[in-house]
Amino acid sequence: MAQFDPRRQPMRLAPHVFTVLAAVAVTLLAGKVYQPVRAETLPPMTAEQLEALEARAMANAGAQAGLTAPEAVPVQIRSGETFEQALRRTGIGVADVQAVVATIAGAFDVSQLRAGLKFETAIARPRGGRGDTRLIGLTMRTGPASQLTVSRTFDGALRLRALEEKVTHETVVLKSEVKGSLYATAQRMGASGAVTRKAVQLFSHKFDMDRDIKGSDEFTLVFARTVTETGRVVETGELLYAELKGQVFYRYKPVGGGETQYFDASGKNTRSAFMRTPLAGGYRMSSSFGYRRHPISGYRRMHQGIDFAAGTGTPIVAPADGVVVEARRWGGYGNWLRIRHSNGLESGYGHLSRYAPGIRAGQRVRQGQVVAYVGSTGASTGPHLHYEIWRNGQRINPAGVKTQEGTILSGAELTAFRAEKARIDRIILAGGERRAGQASQLVAPKA
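Conventions used here
Residues numbered from 1 in each chain as written. Predicted model: local features only at pLDDT ≥ 70, side-chain atom pairs only at ≥ 80, totals over all residues. Heavy atoms only, no water. Helix = DSSP H or I, 4+ residues; strand = E, 2+ residues; numbered from the N terminus. Buried < 20%, exposed > 50% of the residue type's maximum accessible area, 1.4 Å probe, protein only. Contact = heavy atoms within 4.5 Å. Salt bridge = Lys/Arg side-chain N within 4 Å of Asp/Glu carboxyl O. Pairing = 2+ DSSP bridges. Axes fitted to C-alpha atoms, helices over the stretch in contact; angles between N-to-C directions. Expected span 1.5 Å × (residues − 1). Phe/Tyr/Trp six-rings, centres within 6.5 Å; stacked < 30°, edge-to-face > 60°. pLDDT = per-residue confidence, 0-100. Core = buried A, V, L, I, M, F, W, Y, C linked by side-chain atoms within 4.5 Å.

1. Observations regarding the overall build of the protein chain
Then comes step 1: A count of helical and extended segments in the protein chain gives seven helices and 24 strands.
Then comes step 2: For the protein chain, buried positions account for 48% of its 447 residues.

2. Here we look at the side chain of T133
Then comes step 1: Position of T133 among the secondary structure elements: in the loop between strand 2 (118-124) and strand 3 (134-143).
Then comes step 2: With residues up to four places along the chain from it excluded, the contact list for T133 reads G91, I92, G93, D96, I123, A124, R125 and P126.

3. Let's talk about the environment of G156
Then comes step 1: Mapped onto the elements of the fold, G156 is located in the loop between strand 4 (146-152) and strand 5 (158-164).
Then comes step 2: Between the C-alpha atoms of G156 and D96, which are 60 residues apart in sequence, the distance is 10.0 Å.

4. Section: the pattern of salt bridges
Any two side chains of opposite charge can pair, so long as their charged atoms come close to each other.
Then comes step 1: Under the counting rule described, the total for this entry stands at 14 salt bridges.
Then comes step 2: Between R338 and E326 there is a salt bridge, and its shortest N-O distance comes to 2.9 Å. Separated by twelve residues along the polypeptide, R338 in strand 17 (residues 335-340) and E326 in strand 16 (residues 322-329) bring together distant segments of the chain.
Then comes step 3: Among the residues examined, E326 registers a relative accessible area of 16% and is labelled buried.
Then comes step 4: The salt bridge involving K421 is made with D425; its shortest N-O contact spans 2.9 Å. In this pair, K421 and D425 are both assigned in helix 7 (residues 411-430), four residues apart and thus about one turn of the helix distant.
Then comes step 5: For D425, a relative accessible area of 26% translates into the label partly exposed.

5. Remarks on the sheet that holds strand 5
Then comes step 1: Spatial ordering of the open sheet is given by 1-2-3-4-5, a layout of five strands whose pairing is antiparallel. Pairing within the sheet leaves two strands with one partner each, and these edge strands are strand 1 (71-76) and strand 5. This sheet shows a mean twist of 20 degrees between the axes of neighbouring strands, independent of strand direction.
Then comes step 2: The sheet contact formed by strand 3 and strand 4 spans six bridges and is antiparallel. Residue pairing across strands places M140 opposite L148, the latter belonging to strand 4.
Then comes step 3: Set on the sheet, helix 4 (residues 94-105) makes contact with strand 3, strand 4 and strand 5; between it and strand 3 the angle comes to about 30 degrees.

6. Regarding helix 4
Then comes step 1: With twelve residues, helix 4 should cover 16 Å at 1.5 Å per step; its first-to-last C-alpha distance of 16 Å lies within 8% of that length.
Then comes step 2: For helix 4, the set of buried residues is D96, V97, A99, V100, V101, T103, I104 and A105.
Then comes step 3: In the core, the buried residues of helix 4 are packed alongside helix 3 (83-88), strand 3, strand 4 and strand 5.

7. Quick notes on the packing of aromatic side chains
Then comes step 1: Tallied over the entire structure, the rule returns twelve aromatic pairs.
Then comes step 2: Here Y349 and Y387 contribute two aromatic rings whose centre-to-centre distance is 5.5 Å and whose plane-to-plane angle is 35 degrees, an arrangement assigned as tilted. Here the residue Y349 occupies a position in strand 18 (residues 345-352), and Y387 occupies one in strand 22 (residues 384-391), the gap between them amounting to 38 residues. Each of the two residues, Y349 as well as Y387, counts as buried.

8. What to know about unusual backbone geometry
Then comes step 1: Although it is not a glycine, K245 sits at a positive phi angle of roughly 50 degrees.
Then comes step 2: Within the secondary structure, K245 sits in the loop between strand 8 (233-244) and strand 9 (247-252).
Then comes step 3: We classify K245 as partly exposed; its relative accessible area is 42%.
Then comes step 4: At N392, a residue that is not glycine, the phi angle is positive and equals roughly 50 degrees.
Then comes step 5: Residue placement: N392 occurs in the loop between strand 22 and strand 23 (394-396).
Then comes step 6: Given the relative accessible area of 63%, N392 is considered exposed.

9. Some remarks on the environment of T171
Then comes step 1: With respect to the secondary-structure elements, T171 resides in strand 6 (residues 167-177).
Then comes step 2: Owing to a relative accessible area of 11%, T171 belongs among the buried residues under this scheme.
Then comes step 3: Spatially, the C-alpha atoms of T171 and L240 are 9.1 Å apart, while their sequence positions differ by 69 residues.
Then comes step 4: Residue contacts for T171: discarding those within four places in its chain leaves V222, F223, A224, L240, I427, G432 and E433.

10. As for the sheet that holds strand 15 (residues 315-317)
Then comes step 1: Read across the sheet, three strands follow the order 15-21-19 without closing on themselves; strand pairing throughout is antiparallel. Strands at the two margins of the open sheet, each flanked by one partner only, are strand 15 and strand 19 (354-355).
Then comes step 2: Two elements, strand 19 and strand 21 (residues 370-373), share two bridges in a ladder whose sense is antiparallel. When the sheet's bridge partners are listed, Y355 is paired in strand 21 with A372.

11. Here we look at the confidence of the model for the protein chain
Then comes step 1: Per-residue confidence for the protein chain gives a mean pLDDT of 76; residues scoring 70 or more make up 74%.
Then comes step 2: Considering only residues more than four positions removed or in separate chains, one finds that residues 1-15, a stretch of pLDDT under 50, has 40 contacts.
Then comes step 3: Note that residues 17-42 has pLDDT below 50 and, in this model, 76 contacts with residues that lie over four places away or in other chains.

12. Remarks on the nonpolar core
Then comes step 1: One finds I316, L337, I339, Y349, V371 and L385 to be the most contacted residues of the largest nonpolar core, which totals 27 residues.
Then comes step 2: Elements supplying a minimum of two residues to this core: strand 14 (306-309), strand 17, strand 18, strand 21 and strand 22.
Then comes step 3: Setting aside anything within four residues of it in sequence, one finds L337 in contact with V324, E326, A327, S347, G348, Y349, L352, Y355, I359, V371 and A372.
Then comes step 4: Core analysis: the second largest hydrophobic core is formed by 25 residues, I77, A86, V100 and L135 among them.

13. Some points on the side chain of D96
Then comes step 1: Tracing the chain through its elements places D96 in helix 4.
Then comes step 2: Once you skip the residues sitting within four places of it in the chain, D96 turns out to touch T133, R134, L135 and R152.

If you want it as structure tokens, here you go:
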């Protein structure tokens, strides 16, 4: 089920103008019966009906005498605030607020509207500044592919209309040559950030993503997603398959439960003991391990790590399981992080912009977990990651760390993996898969 994310804007089936003008069009469609609080849930509208609705609303905008032209006012429910209190902040009168709340409550449980929910109102102010501000319309996202609209007719009636798009569940097969970086290419082709980061993480077990990957290299990603009939992605599933330069990764979840893992075509776990690079986004190696002229002091000195040029905020992941030893300010390193791994290895990260939530000394981390973000704190000439590896207390060249291959499936687990591999292979051969579905609701309906 898709989880509500308060950072995302509410779903709109038309731009702000639809929110502002919907009330006028509803007048033409709904009649003249005065119903200030009773909700009426009408059948879903087609795309053609929506287009006609918007056109008629545009033609009749500003028709209410004594009021200014409607203006859009976005609202977000604050912590500890009710929906009614959030509405009051738009400036509309108490009677309007109570009528709107009662109208929506006829279809949805407004007590389930949590802090962070965003919705939009359209209000009209009295000409000359005398009298109450009037609510003209309101739109609220109620699910990944649905929203409700409250609109007022000329005679004051409130109408509640539910709008819902059909959704399709897709399994996408994305194939492309690397153009610039694999991360940027995959995102331009429509892969989500989570899918792209997982692919880069897997490939980082086998390749140095800066030096080993060329512009002519081809890659394939397979992942599930849910889209509306207008093409908007409302949910993206996990990465099912990834391929680059002959290295393949099949997603498989053990029959008896447990952690989802990735295996090669033979059933060998592709997870190595140590990833080659710790960045989950686009980057390039800007300085290698060894002697160099320091970019700030100008002196020739030993560079005891590798620098990766990357944008501020690029996620940094743990190259192996471990325990955070330090997460603090450390001189020219700026914001510094050090993680202790097995076999006497430790990894260090300098110039960080910030740490991931929960990262502090004593915290256990898993391989591939985001632990911090690229920055330019300390003695730095620009955003980059300074990355170090320590073995038994001595700094070593990170590029020289050897990796250990994972285990191989057998018995019933191998049989189940082969069945899942065959299913994914059929999807790749067919170029993808589509089936109709129903999106999950985000706002609880009235019981």
